[in-house]
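# Notes for the structure review
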Amino acid sequence: STLWFVAGEGARAVPLAGHVGFDSMPDQLVNKSVNHGFCFNILCVGETGLGKSTLMDTLFNTKFEGEPTQHNQPGVTLKSNTYELQESNVRLKLTVVNTVGFGDQINKEDSYKSIVEFIDAQFEAYLQEELKIKRTLHSYHDTRIHACLYFIAPTGHSLKSLDLVTMKKLDSKVNIIPIVAKSDAISKSELAKFKIKITSELVSNGVQIYQFPTDDESVAEINSTMNSHLPFAVVGSTEEVKIGNKMVKARQYPWGTVQVENENHCDFVKLREMLIRVNMEDLREQTHTRHYELYRRCKLEEMGFKDTDPDSKPFSLQETYEAKRNEFMGELQKKEEEMRQMFVQRVKEKEAELKEAEKELHEKFDRLKKLHQDEKKKVEDKRKSLDDELNMFKQKKTAAELLQNQAQQAGGSTTLKRDKERKK
Amino acid sequence: MHKKTMEDYVPNVSKASGPGVDFSYVGIDAILEQMRRKAMKQGFELNIMVVGQSGLGKSTLMNTLFKSKVSRKSVQATAQEKIPKTIEIKSISHDIEEKGVRMKLTVIDTPGFGDQINNENCWRPIMKFINDQYEAYLQEEININRKKRIPDSRVHCCIYFIPPTGHCLRPLDVEFMRRLSKVVNIVPVIAKADTLTLEERDFFKKKIREELRANGIDVYPQKEFDEDAEDRMINEKIREMIPFAVVGSDQEYQVNGRRLLGRKTKWGTIEVENIAHCEFAYLRDLLIRTHMQNIKDITSSIHYEMYRVRRLNENNTVVAHANGMPEHHLESEEKFDSSCAASRF
């Protein structure tokens with residue numbers, strides 16, 4: 001028998017008499033992460049032509065591949081590309097997922113479906129790995145979407161119903177950061193009104209967008225300021241223009257130049273700051289602890305697992321697994337039986353078909369044979385009649401020759417003449 | 001997928017002093033700072049178990065390591081320290097803080113270990129305790145409604161105290177370490193090493209290392225978990241020094257004008273943190289300053305995972321039994337006290 005003693009839930013605080021050295025723990029943790037590398041996955045949702053790819057290029061200062069997509073896609077598909085980026089000693093595996101064909105269809109009722117399916121599929125893959133018996137979670141390539149940039153078309157009026165519906169379906173599955181795309185199309189005053197309209201529409205429809213966290217005092221201030229600037233009005237460009245004596249990323253128009261990194265011109269810098277430099281880790285954490293947990297909870301409940309039964313006794317995991325397993329085996333057997341039946345059936349059908357075909361062939365053969373025989377007989381008959389004719393002709397010829405000879409021997413030419421005249 | 005660095009697109013990558021100043025700087029490496037902030041906010045947990053016969057200075061060593069009264073004896077004042085009739089497992093937690101880094105340290109003591117006349121199976125309750133912590137974590141992990149942060153009570157490190165006989169390991173030592181090294185990180189130390197001369201110490205250490213090798217005992221840092229060449233190099237150096245010969249003390253003495261932790265005897269003062277005197281500093285550096293995260297990682301991604309695999313397979317074997325299928329993968333030796341675990345249900 002053993003005795004345990006645990007000093008209460010709240011451990012006592014104890015002062016240290018000197019430097020112990022565990023203040024190096026954050027460094028140790030960070031070093032480990034640096035060795036492993038990081039994963040970050042961004043989903044860009046928005047209509048074709050809103051500058052999604054350009055914005056990604058601008059954000060990460062690199063040219064990702066891909067040609068602009070066509071506008072005639074039959075449905076919405078998701079295309080995902082993974083890149084390895086490095087900055088100083090940090091290696092980042094960045095995955096950018098694009099919605100191809102979003103908003104191009106005439107009937108857009110199902111547009112959001114493929115996006116939701118994609119996000120769920122990533123959660124499912126992680127869940128499967130987590131449920132495996134032999135698992136390798138620490139080296140698993142996490143494909144779950146950490147941030148969803150929702151591109152709003154710069155109409156200046158209000159959100160499209162497609163946007164509202166889509167965002168509503170996504171807000172419990174992913175961190176949504178709404179942005180106004182190609183915002184150089186809107187004037188400053190219109191933009192302010194547009195932002196207010198968007199925000200109020202989101203609120204009145206109960207869409208939960210991602211809030212930059214304000215619980216850590218070192219970033220609370222900047223995050224809460226930025227929260228009030230949502231949605232970010234961005235402009236993307238990878239082309240550089242000379243302003244003063246510097247080359248800056250900009251879009252050049254006859255009436256002026258929009259500088260991407262000028263905070264008076266657009267919110268690009270704010271987006272980069274929030275998305276990458278301040279809250280990347282929080283986005284990853286929220287995805288794991290909130291969105292993924294919700295998915296997992298729903299999925300497991302769907303599969304019939306419970307934590308406690310109505311009498312508040314913990315369900316035996318073993319029993320549940322066993323029950324599930326038996327159910328599964330039963331289904332498996334049933335399916336096997338069905339398949340076997342179907343197979344037998346098919347074989348029978350095929351056999352009958354083949355027999356039928358064989359019969360037909362036989363019949364055809366018999367017919368042909370008969371035909372052939374008939375033809376042969378006809379030919380034979382013809383031949384026979386021809387032979388008969390020939391014989392008759394010969395006979396007549398012989399008879400005629402004989403008569404001729406007789407006539408020649410018997411009399412002179414008169415008889416011949418007479419015969420000849422007679423013959424005429 | 002191809003590797004692109006900042007240098008590919010902008011010839012001179014320079015660090016920005018602020019956003020928007022340097023146009024080639026994306027800011028990906030800011031994630032390190034973000035992680036650090038999060039870690040500081042959450043704090044850390046560390047669970048250390050000390051195993052060894054009574055009188056080997058376990059409590060003192062813990063107090064010396066953490067420069068504070070963290071051992072069980074310091075917390076539980078008992079009039080007479082009686083050697084218990086059976087092995088007890090006593091766990092004490094402390095919140096300690098250093099330069100803004102908060103840590104919940106749990107010291108798990110095992111009074112009674114090796115103190116009986118018949119010490120057969122004395123490893124059992126300790127093994128059970130360790131497995132019970134894994135079980136508790138597993139139960140939390142498979143819940144549908146899970147806690148945001150599962151409390152980690154798993155034993156990260158087990159410091160095993162070898163008495164300074166100077167000869168070789170005792171059968172009890174071999175037996176314990178052989179079994180426990182399979183489920184937990186074991187760090188063996190030679191206790192009260194001030195009774196050995198340097199030559200005796202080196203001889204003893206070599207002997208111990210040989211015996212560990214001969215019995216296939218893998219102590220921390222285990223060779224098979226070295227991640228890369230750099231790791232291997234650092235860990236080889238450590239493996240050549242194990243077991244650390246330590247001396248513990250929570251008393252300070254004046255030595256050469258400085259106040260140092262030490263043990264004062266008639267023939268001199270042993271300075272605990274002086275590496276010429278004993279190897280306490282190496283132990284401290286290993287456990288706390290350099291390998292603490294690694295110890296925790298090995299516990300969670302290897303020992304715990306192994307427990308989980310066994311546990312989940314066990315369920316299947318039980319089911320298999322019920323279905324009349326033969327089980328051939330459960331060795332009687334490896335079969336831990338499943339009765340204890342099953343009783344949890």
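Preceding block: the structure.
It should be emphasised that the depicted structure is a prediction, and the values quoted were computed from it without experimental measurement.

The rules behind the values
- Residues numbered from 1 in each chain as written.
- Chains lettered and ligands numbered in written order.
- Predicted model: local features only at pLDDT ≥ 70, side-chain atom pairs only at ≥ 80, totals over all residues.
- Heavy atoms only, no water.
- Pairing = 2+ DSSP bridges.
- Helix = DSSP H or I, 4+ residues; strand = E, 2+ residues; numbered from the N terminus.
- Core = buried A, V, L, I, M, F, W, Y, C linked by side-chain atoms within 4.5 Å.
- Buried < 20%, exposed > 50% of the residue type's maximum accessible area, 1.4 Å probe, protein only.
- Phe/Tyr/Trp six-rings, centres within 6.5 Å; stacked < 30°, edge-to-face > 60°.
- Lys NZ or Arg CZ within 6 Å of the ring centre and 35° of its normal.
- Contact = heavy atoms within 4.5 Å.
- Buried area = accessible area lost by both parts, 1.4 Å probe.
- Salt bridge = Lys/Arg side-chain N within 4 Å of Asp/Glu carboxyl O.
- Polar contact = N/O pair within 3.5 Å; in protein donor to acceptor, adjacent residues only side chain to side chain.
- Nonpolar A, V, L, I, M, F, W, Y, C, P; charged D, E, K, R; others polar.

### Let's talk about the pairing of strand S9 (residues 258-265) of chain B
When a strand is regular, its side chains alternate between the sheet's two faces. Residues and elements named next belong to chain B. Of the strand pairs in this sheet, strand S8 (residues 252-255) and S9 are connected by 4 bridges, and their pairing is antiparallel. For Gln254, the partnering residue across the bridge sits in S9 and is Arg259. The turn joining S8 and S9, which pair antiparallel and follow one another in sequence, is formed by 2 residues; a positive phi near 50° is taken by Asn256. The sheet contact formed by S9 and strand S10 (residues 268-271) spans 4 bridges and is antiparallel. Looking at the pairing, Lys264 lines up with Thr269 of S10. Where S9 hands over to S10, the hairpin turn is made up of 2 residues, counted between the paired strands.

### Let's talk about the nonpolar core
Within the largest apolar cluster, 86 residues are counted, with the highest numbers of intra-cluster contacts made by A:Phe60, A:Leu271 and A:Leu275. With 8 residues, the single largest contributor to this core is helix H3 (residues 111-131) of chain A. Membership of the second largest hydrophobic core comes to 85 residues, among which are B:Met49, B:Leu61, B:Ile162 and B:Val247.

### Quick word on the packing of aromatic side chains
We describe a pair of aromatic rings using the distance from one ring centre to the other and the angle between the two ring planes. Tallied over the full model, the rule gives 15 aromatic pairs over all chains. Pairing B:Phe113 with B:Tyr160 gives two aromatic rings, centres 6.0 Å apart and planes at 85°, and the pair type is edge-to-face. Pair noted here: B:Phe113 is in the loop between strand S4 (101-109) and helix H5 (123-142) and B:Tyr160 is in strand S5 (residues 157-162), with a separation of 47 residues, a long-range link. Grouping residues by exposure puts B:Phe113 and B:Tyr160 together as buried. An angle of 80° between the planes, with centres 5.1 Å apart, marks the rings of B:Tyr137 and B:Tyr304 as edge-to-face. Taken together, the residues span a long stretch of sequence, with B:Tyr137 in helix H5 and B:Tyr304 in helix H10 (residues 292-322) at a distance of 167 residues. Here the two residues B:Tyr137 and B:Tyr304 agree in accessibility, since each one is buried. Three or more aromatic residues joined by ring pairs make a cluster, and in this case those are A:Phe123, A:Tyr126, A:Tyr140, A:Tyr292 and A:Tyr295. Above the face of the A:Tyr126 ring, A:Arg144 is positioned so that its terminal group lies 3.6 Å from the ring centre.

### Quick notes on the pairing of strand S6 (residues 186-190) of chain B
Residues and elements named next belong to chain B. Within S6, 5 of the 5 residues are buried, which leaves it mostly tucked inside the rest of the structure. Alternating residues of S6 divide into Ile186, Pro188 and Ile190 and Val187 and Val189, and every residue in both groups is buried. As paired strands, S5 and S6 are joined by 5 bridges and run parallel to one another. Paired with Ile162 across the two strands is Ile190, which belongs to S6. Of the strand pairs in this sheet, S6 and strand S7 (residues 244-245) are connected by 2 bridges, and their pairing is parallel. In the strand pairing of S7, Ile190 is matched with Ala245.

### Here we look at the interface of chain B and chain A
If you look at the interface, chain B gives 87 residues, while chain A gives 89 residues. Taking both partners together, chain B and chain A bury about 8,500 Å²; carbon and sulfur atoms supply 56% of that area. Taken together, chain B and chain A are joined by 11 salt bridges. Where chain B meets chain A, there are 39 residue pairs in polar contact (both at pLDDT 80 or more). When contributions to the side of chain B that touches chain A are tallied by element, the ones reaching two or more residues are strand S1 (3-5), helix H1 (6-9), helix H2 (30-42), strand S3 (89-98), S4, H5, helix H9 (280-290) and H10 of chain B. Sort the elements by how many residues they give to the side of chain B that touches chain A and H10(B) lands first, with 15 residues. When the residues that make up the side of chain B that touches chain A are grouped by side-chain class, the tally is 37 nonpolar, 23 polar and 27 charged. Bridge count for strand S2 (residues 12-13) of chain A against S3(B) is 2 bridges, and the pairing is parallel.

### A short note on unusual backbone geometry
The peptide bond linking A:Leu230 to A:Pro231 adopts the cis configuration, its omega dihedral lying at -10°. Following the sequence through the fold, A:Pro231 ends up in the loop between helix H6 (217-227) and strand S8 (232-233). Cis peptide bonds are those with omega within 30 degrees of zero, and the linkage from B:Tyr220 to B:Pro221 qualifies with -5°. For A:Lys182, which is not glycine, the phi dihedral falls at a positive 45°. Structurally, A:Lys182 is set in the loop between strand S7 (176-180) and helix H5 (188-204). At B:Lys192, a position not held by glycine, the phi torsion is positive, near 45°. Its relative accessible area of 39% is what places B:Lys192 among the partly exposed residues.

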